[in-house]
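The residues making up each chain are set out below.
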Amino acid sequence: MTKHTATWFSAASMQGLSGSLYAYGYSAVLYAVVPWFFGAAFLVVIAPRLKEYDILTVPEYFRIRYDSKMLQAMGGCIIVFSYTFCMIIQIRGFGVVMSELLDINYTLAIILVYLFIIYTTFGGLFSVTKTDGLNFILIVLGTALAAGLIFNHADGIMILHKKAALISTRPFPEFPFITEKGALLDPFSKGMYPPMMVLTGFCGWGLGLAANPQYAMRITSARNKETAVKMICFSVLILSIVYVGIFIIGIGSRVLQPSIAHIQSTDEVFPYIINKVIYSRLSGFILISITAAAVSTANSQLLILSSGFTYDIFKNLTNAEIDDDRFINFNRLFILIAGTISLILSISPPKSLLVYGSHIWGVFSVTFLLPLYGGLFWKKATKEGAISSFIGGLVVMIIWLFKYKITGINEHMIHPAFPGVVASIFLFYGVSRYTYDRKGDDIEVRFRK
């Protein structure tokens, strides 16, 4: 239970969300937190059906359901690519905190987290499970303590929100924010988070979580169907309480320090407030708890990433027989390589962990979502439909991202995963209907009601 919950709560939640709440207010909740919980509801729906399959990875399900080694390998490639880039979130989050805590250079700080994550991940699933039990406790205690300190300094919840409603100061003077009174409490931040951005953002965090192998594999590893469902429900319940603490931290920090002059991104707000504004004897412990959020997710992602390469790509395509010891060493080697690549990419990190993370999760929305859910619930889903939706959705999302990068204009603030999901849906349904009549019997044998 604690393993699943700790993995769910990453640096994107601890630092990205609290920083976005500081800058934009409660609109960040509509953009990220609400979709997360809807995504969890999707996981509850698929849990009983997914448990019917004896699988080690989600791409392996694709091979069994659609009789396609190519689709399994494609899924493995997406896992390797996405989690390599997703690791940047955790390394970045840890680096910011250690730089603040030890007063050292950011680059040196991320090297420290790199070494720690590699060390714990080399211990395998047993090591990750044990360390994440401790990380979970640190996350809960650290969030509670930080929220309590800010709550006390802000003189209570009512006064905190009254003060938040009056703030019109730019959070970061060098950033082009246009702030109005009441923007922190407005669901769309007075236009800074427009409705279209919030609605289409569901295709990032919401559907991305629903299709993310990091969470789907928790279902397959559960003892039975009932345990899988309870695990998700209890995790959501615990996280909802923790998120209330994050809300207080984000909004309360803005009330205590309406503007921060020298800061590089919103991800630095939480550590800065704890270490500079409300420093206390508890500050060191709270900063350590922030790193626990990063490590608890990072080591799990590295394990899934390595299995994506060794199991879904290498072993799947080569049919190589590898003994257990060599297979473990092969996994460790790839963990080292992937972790090193993520470390190098973290030297020049994204501006916002929350937005960046939603884009990475959006990749799973446009690739995994339809083949996974469509395969579980629709007997007419075909291999051709799954492959076309996988490729088509990804291509459309990439085109949309490049269009935004080149022009720098996104007039309607549409999340790049949204057009990809729409394309994926049409391709999955259209191609599956077209090809089903030619091989319907074979498909129904692999479809389990």
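Above: the structure in question.
Before going into details, it helps to say that this report is about the structure given with it. Model, not experiment: these values are computed from the prediction.

Parameters and conventions
Residues numbered from 1 in each chain as written. Predicted model: local features only at pLDDT ≥ 70, side-chain atom pairs only at ≥ 80, totals over all residues. Heavy atoms only, no water. Helix = DSSP H or I, 4+ residues; strand = E, 2+ residues; numbered from the N terminus. Buried < 20%, exposed > 50% of the residue type's maximum accessible area, 1.4 Å probe, protein only. Contact = heavy atoms within 4.5 Å. Polar contact = N/O pair within 3.5 Å; in protein donor to acceptor, adjacent residues only side chain to side chain. Core = buried A, V, L, I, M, F, W, Y, C linked by side-chain atoms within 4.5 Å. Phe/Tyr/Trp six-rings, centres within 6.5 Å; stacked < 30°, edge-to-face > 60°. Salt bridge = Lys/Arg side-chain N within 4 Å of Asp/Glu carboxyl O. 1 Å grid on protein atoms, 1.4 Å probe; cavity = no way out; pocket = protein on both sides within 12 Å on 5 of 7 lines; lining within 4 Å. Points joined across faces, edges and corners; volume = space filled by probe spheres on them. Nonpolar A, V, L, I, M, F, W, Y, C, P; charged D, E, K, R; others polar. Patch = residues over 30% accessible without salt bridge, like charges linked within 9 Å, V, L, I, M, F, W, Y side chains within 5 Å. Areas by Shrake-Rupley, 256 points an atom, 1.4 Å probe, with all protein chains shown as cover. Axes fitted to C-alpha atoms, helices over the stretch in contact; angles between N-to-C directions. Parallel < 35°, antiparallel > 145°, perpendicular 65-115°, else oblique.

### Some points on the overall build of the protein
And then number 1: Per the secondary structure count, the protein includes 20 helices and zero strands.
And then number 2: A total of 449 residues make up the protein; the buried ones form 57% of that total.
And then number 3: Partitioning the contacts of the protein with sequence separation of at least 6, the portion at a separation of at least 24 is 83%.

### With respect to helix H4 (residues 58–66)
And then number 1: Within H4, seven of the nine residues are buried, leaving the element largely enclosed by the surrounding structure.
And then number 2: Buried within H4 are the following residues: Val-58, Pro-59, Glu-60, Tyr-61, Phe-62, Arg-65 and Tyr-66.
And then number 3: For H4, the side-chain oxygen to backbone nitrogen distance between the N-cap and Glu-60 is 3.1 Å, and the N-cap itself is Thr-57.
And then number 4: Among the residues trailing H4, Asp-67 stands out with phi positive, at a value near 55 degrees.

### Structural notes on unusual backbone geometry
And then number 1: In this structure, Asp-67 is a non-glycine residue whose phi angle is positive, near 55 degrees.
And then number 2: Position of Asp-67 relative to the elements: it lies in the loop between H4 and helix H5 (69–102).
And then number 3: Here Asp-67 falls in the exposed class, since its relative accessible area comes to 53%.
And then number 4: One non-glycine residue, Ser-189, lies in positive phi territory at about 55 degrees.

### Observations concerning the nonpolar core
And then number 1: Core analysis: the largest hydrophobic core is formed by 127 residues, its most contacted members being Leu-17, Trp-36, Phe-368 and Leu-372.
And then number 2: The element contributing the most residues to this core is H5, with 15 residues.
And then number 3: Ignoring any residue separated from it by four or fewer positions in sequence, one finds Leu-17 in contact with Ala-12, Ala-28, Val-33, Trp-36, Tyr-243, Ile-246, Phe-247 and Leu-354.

### With respect to the packing of aromatic side chains
And then number 1: A complete count under the given rule lists 22 aromatic pairs for this structure.
And then number 2: A centroid spacing of 4.8 Å and a plane angle of 45 degrees characterise the contact between Phe-81 and Phe-85, whose relative ring orientation is tilted. One end of the pair, Phe-81, and the other, Phe-85, are both in helix H5, four residues apart, so they sit about a helical turn from each other.
And then number 3: Judged by relative accessible area, Phe-81 falls into the partly exposed class, the value being 45%.

### Some thoughts on the pattern of salt bridges
And then number 1: Going through the model one piece at a time under the given rule, you end up with four salt bridges.
And then number 2: A salt bridge links Arg-63 to Glu-60, with the nearest nitrogen and oxygen atoms 3.5 Å apart. Taken together, the positions of Arg-63 and Glu-60, both in helix H4 and three residues apart, correspond to about one turn of that helix.
And then number 3: Salt-bridge contacts for Arg-92 lead to Glu-268; the nearest nitrogen and oxygen are separated by 3.4 Å. Remark: Glu-268 occurs in the loop between helix H12 (225–256) and helix H13 (269–277) and Arg-92 occurs in helix H5; sequence separation between them is 176 residues. Comparing Arg-92 with Glu-268 shows no difference in burial state: the two are buried.

### Brief notes about the layout of surface pockets
And then number 1: Of the volumes computed, that of the largest pocket is approximately 1800 Å³.
And then number 2: Lys-351, Ser-352, Val-355, His-359 and Tyr-404 are, among the 45 residues lining the largest pocket, the residues nearest its centre.
And then number 3: For the lining of the largest pocket, the elements supplying multiple residues, two or more each, are helix H2 (11–24), H5, helix H16 (353–367) and helix H18 (383–407).
And then number 4: Class assignment of the residues belonging to the lining of the largest pocket gives a composition of 31 nonpolar, 11 polar and three charged.

### Overview of a nonpolar patch on the surface
And then number 1: Residues Leu-102, Leu-108, Ile-111, Leu-112 and Leu-115 make up a contiguous nonpolar surface patch of roughly 410 Å² in combined accessible area.
And then number 2: Per-element accounting of the nonpolar patch gives the leading share, four residues, to helix H6 (residues 106–122).
And then number 3: Mapping Leu-112 onto the fold places it in helix H6.
And then number 4: In this structure Leu-112 comes out as partly exposed when scored by relative accessible area, which is 35%.

### Brief notes about the environment of Thr-143
And then number 1: Examined against the element boundaries, Thr-143 turns out to sit in helix H7 (residues 124–153).
And then number 2: Its relative accessible area of 2% is what places Thr-143 among the buried residues.
And then number 3: Taking the C-alpha atoms as reference, Thr-143 lies 8.3 Å from Ile-290; in sequence the two are 147 residues apart.
And then number 4: Once residues within four sequence positions are removed from consideration, Thr-143 is found in contact with Met-14, Val-242, Gly-245, Ile-246, Ile-249 and Ser-289.
And then number 5: Reaching out from Thr-143, the side chain makes a polar contact with the backbone oxygen of Ile-139 at a distance of 2.8 Å.

### Description of the packing of helix H3 (residues 27–50) against H12
Relative placement of two packed helices is described by the angle separating their axes and the distance separating the axes.
And then number 1: Two elements in contact, H3 and H12, have axes whose closest approach is 8 Å; the angle formed by their N-to-C orientations is 170 degrees. Between H3 and H12, the crossing angle belongs to the class labelled roughly antiparallel. Facing H3, whose interface residues are Val-29, Val-33, Trp-36, Phe-37, Ala-40, Leu-43, Val-44, Ala-47 and Pro-48, H12 presents Lys-225, Ala-228, Val-229, Ile-232, Cys-233, Val-236, Leu-239, Ser-240, Tyr-243 and Phe-247.
And then number 2: When the residues that make up the contact of H3 with H12 are grouped by side-chain class, the tally is 17 nonpolar, one polar and one charged.

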